[in-house]
Amino acid sequence: MNSSFGHLMTEATRLTQAGDLRAATALIQSALGAATPSPTGATARADQGDVIDVEAREVLHAEPAEPAAGEQFLPGSHTGAAGTRAYKLYVPPGYRQGQSLPLVLMLHGCSQDPDDFARGTGMNEAARAQGFLVLYPAQTKHANSSGCWNWFKHNHQRRGSGEPALLAGMTRQVMQQYGIDARRVYVAGLSAGGAMAAILGSCYPELFAAVGVHSGLPAGAASDLPSALAAMRGGAGDRPASAPDSPPTIVFHGDRDATVHPRNGEQIAAAGMAAPERERGSQGRAYTRDIYRDAQGRPRAEHWLVHGAGHAWSGGRAGGSYTDPQGPDASAEMLRFFFANPRA
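Reading guide: rules and limits
- Numbers given to residues run from 1 along each chain, matching the order in which its sequence is written.
- pLDDT decides what is reported in this predicted model: residues at 70 or higher carry local features, side-chain atom pairs at 80 or more are listed and counted, and totals for whole chains, interfaces and linings draw on all residues regardless.
- Side-chain numbers come from the whole structure's heavy atoms, not from hydrogens or water.
- Only Phe, Tyr and Trp rings are paired, with Trp represented by its six-membered ring, and only when their centres lie within 6.5 Å; those with planes under 30 degrees apart are stacked, over 60 edge-to-face, the remainder tilted.
- Note on conventions: DSSP H or I runs of at least 4 residues are helices, E runs of at least 2 residues are strands, and numbering of each starts at the N terminus.
- Buried residues are those whose accessible area, probed at 1.4 Å on protein chains only, stays under 20% of the maximum for their type, while exposed residues exceed 50% and partly exposed ones sit between those limits.
- Remark: a charge is flagged as sitting over a ring if the NZ atom of Lys or the CZ atom of Arg is within 6 Å of the ring centre and within 35 degrees of the ring normal.
- Pairing between strands is defined by DSSP: at least two bridges between the two strands are required.
- Helix axes are fitted only over the stretch in contact, all axes being lines through C-alpha atoms; the angle between N-to-C directions runs from 0 to 180 degrees.
- Contacts: residue pairs with any heavy atoms within 4.5 Å of one another.
- Between Lys or Arg on one side and Asp or Glu on the other, a salt bridge is scored when a side-chain nitrogen of the former is within 4 Å of a carboxyl oxygen of the latter.

1. Thoughts on the packing of aromatic side chains
So, point 1. Within the structure shown, the criterion is met by 10 aromatic pairs.
So, point 2. Centroid distance Phe73 to Tyr136: 5.6 Å. Interplanar angle 80°. Geometry classified as edge-to-face. Here Phe73 is found in strand 3 (residues 72-80), whereas its partner Tyr136 is found in strand 6 (residues 133-137), with 63 residues between them in sequence.
So, point 3. On the basis of an interplanar angle of 50° and a centroid distance of 5.8 Å, the ring pair of Tyr95 and Tyr178 is categorised as tilted. Of the two residues, Tyr95 sits in the loop between strand 4 (83-91) and strand 5 (103-107) while Tyr178 sits in helix 5 (residues 162-178), which places them 83 residues apart along the sequence. Take Tyr95 and Tyr178: they sit in the same class, and that class is buried.
So, point 4. Ring-pair connections join several aromatic residues into one group, and the members of that group are Phe132, Tyr186, Phe338 and Phe339.
So, point 5. In this structure, Lys88 packs its charged tip against the face of Phe73, placed 4.2 Å from the ring centre.

The following block contains the structure:
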C-alpha cells in the first residue's frame, strides 16, 4: 500500500477518534478517489517497496465517443430516496420498442462518470455486438465530493433507503420504459461502484439476476469511517454467509491492488461456500479463477485473482480511466457469467 494512502488512512482514523467526523469524511473520500495506480502507465515503487505494475490511465475531459449508426447513448435522470441522479443509457442499433432485451447496470468508480466508464470497460461495444442495454448512473459531487457511491455509510446499505433504493428505482424506471426482460437484469461496478453493486445484489435479489464486483468490497463491509478504513486496508473481517437468495456473483480483483485489499474479493465470492474448484491460466496477465458451487452443484460464484494487476478494470480500454489493458477481459467474463444466470 503506498505511503500517501496509508497516511490518509491513519489521519482519518485519528480525526474520527477525536470526533471531527467532517474532516475524517473528507479524508476518506479523498483516499477512495485518489489512491489509485499511477495514470502514466509506468511501474511505480512505493516507499514501502510495493510495486504497482499496471497500465492505469486517468483521462481528463475526454470527449464522448460518437455513437455508431443506429445506436443511442441517451441522457436521463431519476429522483428517488437519495435525491436526483443523472444517467446515460446505451441502446443498441436495431432496438425495437417493446423488444425484450437484457439490461446491465454499470456503477462507476470514484472520480469517474458514465462516458469515461463506458469507454474504459468497452461495455457499449459489447452491448452493440450482443444486443442488450446498459445503464450508467452518475454520482454527484454534492452527494460525495470525490464522486464515490456511499457504500460505507449505514444509511446507504439498506433496502428502501438511500442510494440502493434510488438505483433500484432508476433500474425499474428504465425496465418499464424499454420493456426489459426482467429475468435478465444485472449489476456490475468498479471500486466504490463494485461495493455498491454488492449491496444492490444483497438488498434487491429479486431485481438483479447476477452481480459483478471489480476491485470492490462485500456488502456490509463497513458502517462508518473506522470500519471502512479497516476493510480497505485488510479485508472486511468476519463475514456472514450469503443469504440463500443472494444472486450469483463474479468477482475480479488484482493481487497488487493498493487501494482495496484483495482479501475483499475473496470474501465476496467465498461467503458461506464450500471449497472452490481452482484453475490457473493466462490472458495477458496470469490469473487464478476459483469457482464456488452450491449444495446442488450449481456455480454460484467466480473469483478471478489477476496476478500483477492493481486497482483498475482488467482488460479495460486505454481510452478510459483506471483500466489495465493487459489483464483478462473482465467485461467479457462478466457478461458470460451474467447471461448464464438468468433469474429463475
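2. A closer look at the sheet that holds strand 3
So, point 1. Taken together, 10 strands build an open sheet; the order of strands is 3-4-6-5-7-8-9-12-11-10 and the sheet is mixed. Among the strands making up the open sheet, the edge pair consists of strand 3 and strand 10 (277-283). Adjacent strand axes in the sheet meet at a mean angle of 20° when their direction is disregarded.
So, point 2. Bridge analysis of strand 5 against strand 6 gives three bridges, and the strand direction is parallel. Paired with Leu103 across the strands is Leu133, a residue of strand 6.
So, point 3. On the sheet, helix 3 (residues 114-121) packs against strand 3, strand 4, strand 5, strand 6 and strand 7 (185-190) and is oriented at approximately 135° with respect to strand 6.
So, point 4. Most of the contacts of helix 4 (residues 123-130) go to strand 6, to which it runs at about 160°, and overall it touches strand 3, strand 4, strand 5 and strand 6.

3. Observations regarding the pattern of salt bridges
Side chains that carry opposite charge are capable of pairing whenever their charged atoms lie near each other.
So, point 1. Using the criterion set out here, one finds 15 salt bridges in the structure.
So, point 2. Asp181 is the salt-bridge partner of Arg184, the closest N and O atoms lying 2.7 Å from each other.
So, point 3. The exposure class assigned to Arg184 is partly exposed, which follows from its relative accessible area of 26%.
So, point 4. A cluster of three or more residues bridged by salt bridges with shared partners is formed by Glu279, Arg289, Glu302, Glu333 and Arg336.

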